[in-house]
Amino acid sequence: YVKTMPESAVKEYILPLLWEHGFQGYFAGHMHCYERFDFDGHLVITTGGGGGGLEPQERCDDGLAEARHQKCVHHHIGVELDCDQAEVWARDYDGNIIERLILYPDGRHELQP
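Because the structure is a prediction, the values reported are computed rather than measured. (Residues numbered from 1 in each chain as written. Predicted model: local features only at pLDDT ≥ 70, side-chain atom pairs only at ≥ 80, totals over all residues. Heavy atoms only, no water.)

A. Fine view of the pairing of strand β3 (residues 42–47). Across the 6 residues of β3, 5 count as buried, placing the element largely inside the fold. Note: strand β1 (residues 25–28) against β3, 4 bridges, orientation parallel. Following the sheet pairing, G25 is matched in β3 by L43. Taken together, the 6 bridges between strand β2 (residues 34–39) and β3 define a ladder with antiparallel strand orientation. Considered in β3, the bridge of F39 is made with H42. Hairpin geometry of β2 and β3 is characterised by an intervening segment of 2 residues between the two adjacent antiparallel strands and by a positive phi of about 50° at D40. (Buried < 20%, exposed > 50% of the residue type's maximum accessible area, 1.4 Å probe, protein only. Helix = DSSP H or I, 4+ residues; strand = E, 2+ residues; numbered from the N terminus. Pairing = 2+ DSSP bridges.)

Below is the structure:
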């Protein structure tokens, strides 16, 4: 007998465990696109634009209420750390910034212009 995890396992089990233990953000690959979510004030980024075929844009929009930004484009993520914050950015392969955020030690995050 093999028990499979529900589709929402990350949301229901993993994220609460991470937040309970002081993690400020969760980065994962899954969809072949860039996605940023806000789960009860916590930053979640899916980064899957590194080289394979991209999802059609309409497939990226999965209707989750927590979704804040979704873009199907080849991209990479960067994180610059200092003592008080982390700057997180996503750039497409032409160098254009998709998004830039500041992530604080208490888990708050702000979108930057």
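Moving on, there is more to tell.
B. Broad picture of the packing of aromatic side chains. Tallying each qualifying case throughout the model produces 1 aromatic pair. Above the ring of W89, the side-chain terminus of R91 is found at 5.1 Å from the ring centroid. (Phe/Tyr/Trp six-rings, centres within 6.5 Å; stacked < 30°, edge-to-face > 60°. Lys NZ or Arg CZ within 6 Å of the ring centre and 35° of its normal.)

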